[in-house]
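Geometric and topological summary
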Amino acid sequence: MLVPLPAPATPREPAAEGGSSPPRSPRESSATAAQGMVPPSLASALEPRSLCHGVPTGPGWADCAFLSGPAGVTRSLARIARSHPGASPEVAASYLANWYSAAVVAPAIASYVLLRRVPDLGPAGMSLRELDSGWFDRTALHLPVGTALADSAPAEGPVDRATRPHVGSDRVVGDLAALREVLVDEVLTHLSPFVRELRARVRLGYPALWGAVAAQCARAFLLTERATGDPDAGRQEADAFFERAAPTMRARPRWHEFVHRGRPYTGMRCGSCCLAHRLGDEYCTTCPFTDDTERERRMRAWIDTQGNGGLAV
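Residues numbered from 1 in each chain as written. Predicted model: local features only at pLDDT ≥ 70, side-chain atom pairs only at ≥ 80, totals over all residues. Heavy atoms only, no water.

Overview of the packing of aromatic side chains
Note the cut-off: Two rings belonging to Phe, Tyr or Trp (six-membered ring only in the last case) form a pair when the distance between their centres is within 6.5 Å. Interplanar angles under 30 degrees mark stacking, angles over 60 mark edge-to-face geometry, and anything in between is tilted. In this description a helix means any DSSP run of H or I spanning at least four residues, a strand means any run of E spanning at least two, and both kinds are numbered starting from the N terminus. The classification of residues rests on relative accessible area computed with a 1.4 Å probe and restricted to protein chains. Under 20% of the type maximum is buried, over 50% is exposed, and intermediate values are partly exposed. Charge-over-ring placement is defined geometrically: NZ (Lys) or CZ (Arg) within 6 Å of the ring centre, and within 35 degrees of the ring normal.
Counted by the stated rule, this structure contains 7 aromatic pairs. Taking the centre distance of 5.5 Å and the plane angle of 80° together, the rings of Trp-99 and Trp-135 count as edge-to-face. Residue Trp-99 is found in helix 4 (residues 89-115), and its partner Trp-135 is found in the loop between strand 4 (126-130) and strand 5 (136-141); the two are separated by 36 residues along the sequence. The residues Trp-99 and Trp-135 share a single accessibility class, namely buried. Measuring from ring centre to ring centre gives 5.9 Å for Phe-258 and Tyr-265, while their planes differ by 20°; the resulting arrangement is stacked. On the accessibility criterion, Tyr-265 (8% relative accessible area) is buried. Members of the aromatic cluster, joined through ring pairs, are Tyr-95, Trp-99 and Trp-135. Sitting over the ring of Tyr-112, Arg-116 keeps its end group 5.2 Å from the ring centre. Note that Arg-199 overlies the ring of Tyr-206, its terminal NZ or CZ placed 5.9 Å from the centroid.

What follows is the structure in structure tokens.
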């Protein structure tokens, strides 16, 4: 999936690899001051997106209860259509399915892998900042509530809320399988009404729409390598996640493993097409319509554009 307004000569990366954000206003959001509460490892995994805690109030922000409902979906689709001349309703819906789901699932998946904690994804308790293009570049979690492993609860004594802002407000589960089930349920509960809203508007089936969601989930899992340094951990967690999310989350991606400049990489082949090629001559780095050789060539080129620490997604 391409990013908003990509350079034509650059291989197209998946949708969640967003472009640069506009300058922030000092009065932009009441949540901005809480940005430092996001653990560094989590912030690293979420780049180039950003996450904050608190209720935002500045321009561009809207809560997910609005954005995933009829009025919000109508507005987002219109913005995408204006910023991408020639986009059919199906292309606009595919873009929105990718962009919205990425903004919702990325913080939850990164938190699950890195902190063993799943934030509450209730639509009324989350906000996204939407650009004029329809792209979402920031996510805010209104309250520090979620679900954590019992053995990850802190010992009694002073708590550093810069790294553990959720302390004191978490539900607790006994093992990782139970926490993973919470993650799947939070993601599906939030996104199911949104996917139904899109499905009612365009000629895209549930496999295509849920395939977009699955692609963004897989991408979020793989991006945790930025913080862990482990190319296998995210992929293994993704496999377990998709096993639990089936059959609702259809057309999950398949892994594409290769070695580039002496380093092993994991990329992916999406299970459904984002339709970005209908607006240009290039296909995405993860496109299911390209063969393995061409897909790998594109992933290698994408890695090289990122410099040190570059990943295949």
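The structure having been displayed, the exposition proceeds.
Observations concerning unusual backbone geometry
Cis geometry is adopted by the peptide bond preceding Pro-247, which originates at Ala-246 and carries an omega value of 0°. A positive phi angle, near 55°, is found at Arg-116, a position not held by glycine. Turning to its location among the elements, Arg-116 is positioned in the loop between helix 4 and strand 3 (117-119). Phi at Arg-261 is positive, roughly 55°, even though this residue is not glycine. With respect to the element layout, Arg-261 can be found in the loop between strand 8 (254-260) and strand 9 (263-269).

Thoughts on the packing of helix 3 (residues 70-83) against helix 4
How we decide: Here, axes are lines fitted to C-alpha atoms. For helices the fit covers the stretch in contact, and angles between N-to-C directions go from 0 to 180 degrees. Should an angle fall under 35 degrees it is called roughly parallel, over 145 degrees roughly antiparallel, and 65 to 115 degrees roughly perpendicular, with every other angle called oblique. Helix crossings fall into two classes, left-handed where the near helix is turned counterclockwise from the far one by less than a right angle and right-handed where it is turned clockwise. Residue contacts follow a heavy-atom distance rule, with two residues in contact if any of their heavy atoms lie within 4.5 Å. Under the scheme applied, nonpolar residues are Ala, Val, Leu, Ile, Met, Phe, Trp, Tyr, Cys and Pro; charged residues are Asp, Glu, Lys and Arg; polar residues are all the others, including Gly.
In the contact formed by helix 3 and helix 4, the axes pass within 9 Å of each other and the chain directions differ by 115°. With respect to helix 4, the axis of helix 3 lies roughly perpendicular. Pair helix 3 / helix 4 crosses with right-handed handedness. Across the interface between the two elements, Val-73, Ser-76, Leu-77 and Ile-80 of helix 3 pack against Ala-92, Ala-93, Tyr-95, Leu-96 and Trp-99 of helix 4. Looking at the contact of helix 3 with helix 4, its residues break down into 8 nonpolar, 1 polar and no charged.

Structural notes on the pattern of salt bridges
Rules: A pair is scored as a salt bridge if a Lys or Arg side-chain nitrogen falls within 4 Å of a carboxyl oxygen belonging to Asp or Glu.
All chains considered together, the criterion is met by 20 salt bridges. With its nearest N and O atoms 3.5 Å apart, the salt bridge here joins Glu-130 to Arg-75. Taken as a pair, Glu-130 in strand 4 and Arg-75 in helix 3 lie far apart in primary sequence, 55 residues in all. Exposure remark for Arg-75: the relative accessible area of 30% places this residue in the partly exposed category. A salt bridge links Glu-186 to Arg-171, with the shortest nitrogen-to-oxygen separation between them at 3.8 Å. Here Glu-186 is found in helix 5 (residues 176-199), whereas its partner Arg-171 is found in strand 7 (residues 170-173), with 15 residues between them in sequence. A single salt-bridge network, built from bridges that share partners, covers Arg-75, Arg-79 and Glu-130.

Looking at the sheet that holds strand 3
For the record, the criterion: At least two bridges found by DSSP between two strands are what make those strands a pair.
Spatial strand order, 3-6-7: 3 strands in an open sheet with mixed pairing. Pairing within the sheet leaves two strands with one partner each, and these edge strands are strand 3 and strand 7. Strand-to-strand twist in this sheet, taken as the mean axis angle between neighbours without regard to direction, amounts to 20°. Where strand 3 and strand 6 (residues 146-149) come together, 3 bridges link them in antiparallel fashion. Among the inter-strand pairings, Val-118 is bridged to a residue of strand 6, identified as Thr-147. Contacts from helix 5 reach strand 3, strand 6 and strand 7 within the one sheet, and its direction differs from that of strand 3 by about 20°.

Section: the nonpolar core
In plain terms, the rule: Residues belong to one nonpolar core when they are buried, are Ala, Val, Leu, Ile, Met, Phe, Trp, Tyr or Cys, and are joined through side-chain atoms within 4.5 Å.
Counting residues in each nonpolar core, the largest one holds 72 residues, and the members touching the most others are Tyr-100 and Met-249. Excluding residues within four positions of it along the chain, Tyr-100 makes contact with Cys-64, Leu-67, Ser-68, Leu-128, Phe-136, His-190, Leu-191 and Phe-194.

Considerations on helix 3
Quick note on the threshold: Any helix carries an expected span of 1.5 Å times its number of residues minus one. Here the arc refers to the set of directions running from the helix axis out to each C-beta atom.
Relative to the 20 Å expected for 14 residues at 1.5 Å per residue, helix 3 spans 20 Å between its end C-alpha atoms, a close match to the ideal helical length. If you check which residues of helix 3 are buried, you get Gly-72, Val-73, Ser-76, Leu-77, Arg-79 and Ile-80. Buried residues of helix 3, seen end-on, are gathered within an arc of 160° and therefore sit on one face of the element. Residues Pro-70 and Arg-82 are exposed on helix 3 and point more than 90 degrees away from its buried face. Buried residues along helix 3 sit against helix 2 (64-67), helix 4, strand 4, strand 5 and helix 5.

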